Amino acid sequence: MGVTFVRKVYTDAVGVSRAAAERIVLLAQQRALDAGRCAIALSGGKTPAATYALLAAEPLAQQMPWAKTKIYFGDERHVPHDHPDSNYRMVSEALLTKTTLPSENVFPVPTDHEDVAVCAEWYEDLLRLHFQRSSDVLPHLDLVLLGIGPDGHIASLFAGTSAAAERKRWVTWCDASSADPTITAAVKRITVTAPVIWGAADVFVLATGAAKAAAVAMVTQDAEPADPPVARMLRQCQGVVTFFLDKAAAGAS
Ligand code: 6PG
């Protein structure tokens, strides 16, 4: 069965953040009811921060089944967790420190080994411990939340890197600056790979601003682009991929 793409377009970034936060609550409530837990891999970057802030505030904060919610990370920069570039720090400030989410439900990417490859191996071990069911090749997180770069990268899967091509490991690493000299936070990164994104029941992609429009279009259009962005791998997802877009990112006038 092919992937199901859903495009939701909102007037502005506020609409995107609110809609994404509300959908996360509904999804978490349903999974907590059906399966007794909701495993969510959060994204870094700037776009999702407003969504996290909404989840940490009333009325959504009290609607989230925090005790049954497990938080993972789609990628992380190879910096200390208190570093300004740390995704954990951003999520912690926007969400984790402001809710009743038990700390034992949060699984940050370890970044405290000097060798980034070891950090990736450690996180892979954790994900396999939590999600490796006997014959399953893909881990089944309930939700993977993603941003998307103007170049069409997702998580830290940058074009031309072995990370973007990885199809067996669940976690790997890349040197973002070698992949894209213009990238902010030009540090080595630990990232989940395509199999983790493909196996998720739901994938949410948040994109705002005209700079993302071309990448979004090259993912959602049926015709195969001449130079497909990394995010086109979303078309092999087993679950539902929902794009939360403002008009600019949707290419709407
Ligand atoms: C990161 C993210 C990265 C981000 C995109 C979009 O760690 O930075 O994983 O993939 O989602 O680069 O970033 P913005 O939301 O800041 O535009």
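For the structure, see preceding data.
Take the sheet that holds strand β6 (residues 171-175) next. Ordered by their spatial adjacency, three strands build an open sheet running β4-β7-β6, and the pairing between neighbours is antiparallel. Two strands in the sheet have a free side with no partner beyond their single neighbour: β4 (75-77) and β6. The average angle at which neighbouring strand axes cross in this sheet is 20°, direction not considered. Two strands pair when backbone bridges link them, and β6 and strand β7 (residues 188-192) are joined in this way by five bridges, in the antiparallel orientation. Residue pairing in the sheet places Thr172 in a bridge with Thr191 of β7.

Time to look at the packing of aromatic side chains. With the rule as written, the count across this model stands at six aromatic pairs. With centroids separated by 5.9 Å and ring planes inclined at 55°, the aromatic side chains of Phe73 and Tyr88 adopt a geometry described as tilted. In this pair, Phe73 sits in strand β3 (residues 69-73) while Tyr88 sits in helix α4 (residues 87-94), placing the two residues 15 residues apart along the sequence. Aromatic rings pair up to connect Tyr10, Phe204 and Phe244 into one cluster.

Let us now look at the sheet that holds strand β2 (residues 38-42). Spatially, the six strands line up as an open sheet ordered β1-β9-β8-β5-β2-β3, and their pairing is parallel. Among the strands making up the open sheet, the edge pair consists of β1 (4-10) and β3. For this sheet the average axis-to-axis angle between neighbouring strands, irrespective of direction, equals 20°. Pairing analysis gives five bridges linking β2 to β3, with the strands arranged parallel.

A few words now on the environment of Leu146. Mapped onto the elements of the fold, Leu146 is located in strand β5 (residues 143-146). On a C-alpha basis, the gap between Leu146 and Leu206 in space is 6.3 Å, while along the polypeptide they are 60 residues apart. Other than its neighbours up to four places away in sequence, Leu146 contacts Ser43, Ile154, Ala155, Ile197, Val203, Phe204, Val205, Leu206 and Leu234.

What counts and what doesn't
Residues numbered from 1 in each chain as written. Predicted model: local features only at pLDDT ≥ 70, side-chain atom pairs only at ≥ 80, totals over all residues. Heavy atoms only, no water. Pairing = 2+ DSSP bridges. Helix = DSSP H or I, 4+ residues; strand = E, 2+ residues; numbered from the N terminus. Axes fitted to C-alpha atoms, helices over the stretch in contact; angles between N-to-C directions. Phe/Tyr/Trp six-rings, centres within 6.5 Å; stacked < 30°, edge-to-face > 60°. Contact = heavy atoms within 4.5 Å.

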